[in-house]
Amino acid sequence: MGNLHITHNPPTGKWNVGIGCSVFSFCEVNSICTYSNMRKVLTWRKVSLFCLFFLLTYVFVITDLDNYKHVQQYKYDGTEKRRKQHSSRPLGNGIPKLIDVKKQAEQQSKRKEFIHNQCLQSPQQSIESIQDTIGSHVMINDKYKLMFCYIPKIGCTTWKRIFLVLSGFLNSTLDLKPGEVKAAFPNITTLKQLPAKEALEKLNTYTKITFVRHPFSRVLSAFRSKLRPGLKFDYTKQWRDNLGQYIMNQYRSKENITDNYDLSFSEFVRYLGDNAQRHHRYFNNNHFYSQYKTCLPCHVNYDYIGTMETFKDDAEYMLNTLVRDRFVELPIVSGTNSSSLRLQGDYYFKVPLDYLELLYKRYRDDFKMFGYSPNGFL
């Protein structure tokens, strides 16, 4: 930059400060600059540094923004080939997700064909019989011409939220707490509420959806969400008093019955597989009632069949395909994680084999209808 010179002027008693400048100087090389020139040098340097800083900032910001736009364009649009093969839809957490439309369509076709082959020998049922049997489980939305048959413990609260949004009752699927969804359900029209003629017409013309799940995974979910010791939710006492305590009293000797609630999963499985309990009021509770009997796939021709094991991908694909004019957020709600193979192993490993065989016998139609296997459990 230059050399700093400080000299004393005896006549004035003042100190002179100067800079010998070799770069950006207004003075001669190796000369002593006056104080005025030194200020000019410093000021000019400040301006130069500021301009350089502004120029570099501008370059970096514009370059980064361009890269950001490029990344976003790739995420949402992709190449021309990707646009043709995929559809994009934001998830509840705001992260874009590419949906393989071709793969999903093929999967849906296979599922429907599999169920169709299982139903070849099934007798027909009247619309009145269908309404009486499953009508209260079939939600209807007239605007989008949708029907959804929900099965408890298979994401049904999520789909109730979605239908509350589609009906206009909610602005967002996150507006209600889990316990409040049940109270809001009367705002959704069900198949059972319709006259038989209208119900039949809509069954023939509306898009029909349902979701299924591995039967043993669903049983575990029911136990963990309703009867597991240490659980606390709105209806804990009701479930414990009316079912949990009843099971303990049924399968324990008197000396082993205490005031401490410690129902085991094995006892719950034993109850579900015990045909002698079939007249007990909780035996056919809808949280562990047959999936086949809940939605009658041999009598209702479902257009979309999702599974709990592929819930997010299936639900996103269906919403992206069937609700094109608005964004419906897929709520991410806490569950029992009962689809985890590790968790299933922890619970089912302790269940005696004869209990498991009776449990399989009870849900054999569900296994057969939806292509699940008991292998790994029996």
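As the structure is a computational prediction, the values presented were derived from the model and not from experiment.

1. Some details on the packing of aromatic side chains
Here comes step 1: Under the criterion given, the structure shown has 22 aromatic pairs.
Here comes step 2: Residues Phe223 and Tyr347 carry aromatic rings whose centres are separated by 6.2 Å and whose planes lie at 70° to one another, so their mutual orientation is edge-to-face. Of the two residues, Phe223 is situated in helix H8 (residues 215-227) and Tyr347 in helix H13 (residues 341-348); the sequence distance between them amounts to 124 residues.
Here comes step 3: By relative accessible area, which is 18% here, Tyr347 ends up buried.
Here comes step 4: Among the aromatic side chains, those forming a connected cluster through ring pairs are Phe216, Phe223, Trp239, Phe265, Phe268, Tyr282, Phe288, Tyr347, Tyr348, Tyr360, Phe367 and Phe377.
Here comes step 5: One Lys or Arg, Lys160, reaches over the ring of Phe185 and ends 4.9 Å from the middle of that ring.
Here comes step 6: The side chain of Arg362 reaches across the aromatic face of Phe283, ending 4.1 Å from its centre.

2. So, the sheet that holds strand E9 (residues 304-307)
Here comes step 1: Overall, mixed pairing links the 5 strands, which are arranged E7-E5-E6-E8-E9 in an open sheet. Taken across any chain shown, the strands that pair with only one partner, and hence form the sheet edges, are strand E7 (189-190) and E9.
Here comes step 2: Along the sheet face, helix H5 (residues 156-166) touches strand E5 (138-141), strand E6 (146-149) and strand E8 (207-212) and points at about 25° away from the line of E5.

3. Comments concerning helix H4 (residues 127-134)
Here comes step 1: For H4, every residue scored as buried is listed here: Ile127, Ile130, Gln131 and Ile134. Along the long axis of H4, the arc covered by the buried residues comes to 105°, so they all point the same way.
Here comes step 2: Residues of H4 that are buried sit in contact with E5, helix H7 (196-205) and helix H11 (291-295).

4. Describing the pairing of E8
Here comes step 1: Burial analysis of E8 places 6 of its 6 residues in the buried class, the great majority of the element.
Here comes step 2: Alignment of E6 against E8, held across 4 bridges, turns out to be parallel. When the bridges of E8 are listed, Met147 appears paired with Lys208.
Here comes step 3: Strand direction decides the pairing type here: E8 and E9, joined by 4 bridges, are parallel. Across the sheet, residue Phe211 finds its bridge partner in E9, namely Gly306.

5. Some words on the packing of helix H3 (residues 101-118) against helix H12 (residues 311-322)
Here comes step 1: As a packed pair, H3 and H12 sit with axes 11 Å apart at the nearest point and diverge in direction by 105°. One finds that H3 runs roughly perpendicular with respect to H12. On H12, the residues touching Val101, Gln104, Ala105, Gln108 and Arg111 of H3 are Asp313, Asp314, Tyr317 and Met318.
Here comes step 2: A per-class count over the contact of H3 with H12 returns 4 nonpolar, 2 polar and 3 charged.

6. With respect to the state of the cysteines
Here comes step 1: Taken as a whole and judged by the stated rule, the model has 2 disulfides.
Here comes step 2: Between the sulfur atoms of Cys119 and its disulfide mate Cys298 the distance is 2.0 Å. What sets the handedness of the Cys119 and Cys298 disulfide is the S-S torsion sign, and at about -75° it is left-handed. Here the residue Cys119 occupies a position in the loop between H3 and H4, and Cys298 occupies one in the loop between H11 and E9, the gap between them amounting to 179 residues. Here Cys119 matches Cys298 in class, with each residue buried.

7. Examining the pattern of salt bridges
Here comes step 1: Applying the stated criterion across every chain, the model contains 8 salt bridges.
Here comes step 2: Ionic pairing is found between Glu267 and Arg252, a salt bridge with its closest N-O pair at 2.6 Å. Pair noted here: Glu267 is in helix H10 (residues 265-273) and Arg252 is in the loop between helix H9 (236-251) and H10, with a separation of 15 residues, a long-range link.
Here comes step 3: Look at Glu267 and you get buried, because its relative accessible area is 12%.
Here comes step 4: In this structure, Asp346 engages Arg342 in a salt bridge whose closest nitrogen and oxygen atoms are separated by 2.8 Å. Here Asp346 pairs with Arg342, and both are found in helix H13, just 4 residues apart, close to one helical turn.
Here comes step 5: According to the relative accessible area criterion, Asp346 is partly exposed, its value standing at 37%.

8. Some remarks on unusual backbone geometry
Here comes step 1: Although it is not a glycine, Lys145 adopts a positive phi angle of roughly 55°.
Here comes step 2: Here Lys145 shows up in the loop between E5 and E6.
Here comes step 3: Looking at Lys145, the relative accessible area reads 46%, which means it is partly exposed.
Here comes step 4: Of note, Leu296 is a non-glycine position whose phi angle comes to about 45°, a positive value.
Here comes step 5: With respect to the secondary-structure elements, Leu296 resides in the loop between H11 and E9.

9. Concerning the nonpolar core
Here comes step 1: Within the largest apolar cluster, 89 residues are counted, with the highest numbers of intra-cluster contacts made by Trp159, Leu191, Phe211, Phe265, Phe268 and Tyr348.
Here comes step 2: With 7 residues, H5 is the single largest residue contributor to this core.
Here comes step 3: If we skip the residues at most four places from it in the chain, Phe211 touches Phe148, Cys149, Ile151, Ile154, Trp159, Gly306, Thr307, Met308, Phe311, Asp314, Ala315 and Met318.

10. Quick word on the packing of H10 against helix H14 (residues 353-362)
What describes two packed helices is the angle between their axes and the distance between those same axes.
Here comes step 1: In the contact formed by H10 and H14, the axes pass within 8 Å of each other and the chain directions differ by 45°. One element, H10, and the other, H14, form an angle in the oblique class. Relative to H14, the crossing made by H10 is left-handed. Each of Ser266, Val269, Arg270, Leu272 and Gly273 in H10 lies in contact with H14, whose residues at this interface are Tyr355, Leu358, Leu359 and Arg362.
Here comes step 2: Residues that form the contact of H10 with H14 fall into these classes: 5 nonpolar, 2 polar and 2 charged.

Cut-offs used in this document
Each chain has its residues counted from 1, running along the sequence as written. pLDDT decides what is reported in this predicted model: residues at 70 or higher carry local features, side-chain atom pairs at 80 or more are listed and counted, and totals for whole chains, interfaces and linings draw on all residues regardless. Calculated side-chain values reflect all of the structure's heavy atoms, with hydrogen atoms and water omitted. In this analysis, rings of Phe, Tyr and Trp, with Trp reduced to its six-membered ring, are considered paired at centre separations within 6.5 Å, and the interplanar angle assigns stacked below 30 degrees, edge-to-face beyond 60, and tilted for intermediate values. Helix and strand definitions follow DSSP, with helices as H or I runs of at least four residues and strands as E runs of at least two, each counted in order from the N terminus. Type-normalised accessible area, obtained with a 1.4 Å probe on protein chains alone, sets the label of each residue: buried when under 20%, exposed when over 50%, and partly exposed for intermediate values. Geometrically, a lysine NZ or arginine CZ counts as sitting over a ring once it is within 6 Å of the ring centre and also within 35 degrees of the ring normal. Paired strands, in this sense, are two strands between which DSSP finds at least two bridges. The contact criterion used throughout is that any non-hydrogen atoms of two residues lie within 4.5 Å. Simply put, an axis is a line fit to the C-alpha atoms, just over the touching stretch for a helix, and the angle between two N-to-C directions goes from 0 to 180 degrees. It is the directions from the helix axis to the C-beta atoms whose arc is reported. These descriptions rest on fixed angle ranges, namely under 35 degrees for roughly parallel, over 145 for roughly antiparallel, 65 to 115 for roughly perpendicular, and the rest for oblique. In the scheme used here, Gly and all other residues not listed as nonpolar or charged are polar, with Ala, Val, Leu, Ile, Met, Phe, Trp, Tyr, Cys and Pro taken as nonpolar and Asp, Glu, Lys and Arg as charged. For the purposes of this analysis, a disulfide is any pair of cysteine sulfur atoms at a distance within 2.5 Å. By definition, a salt bridge exists where a carboxyl oxygen of Asp or Glu is found within 4 Å of a side-chain nitrogen of Lys or Arg. We define a nonpolar core as any set of buried Ala, Val, Leu, Ile, Met, Phe, Trp, Tyr and Cys residues linked to one another through side-chain atoms lying within 4.5 Å. The sense of a crossing depends on the near helix, which, turned anticlockwise from the far helix by less than a right angle, makes the crossing left-handed and, turned clockwise, makes it right-handed.

Just geometry here; none of it tells us what the structure is for.
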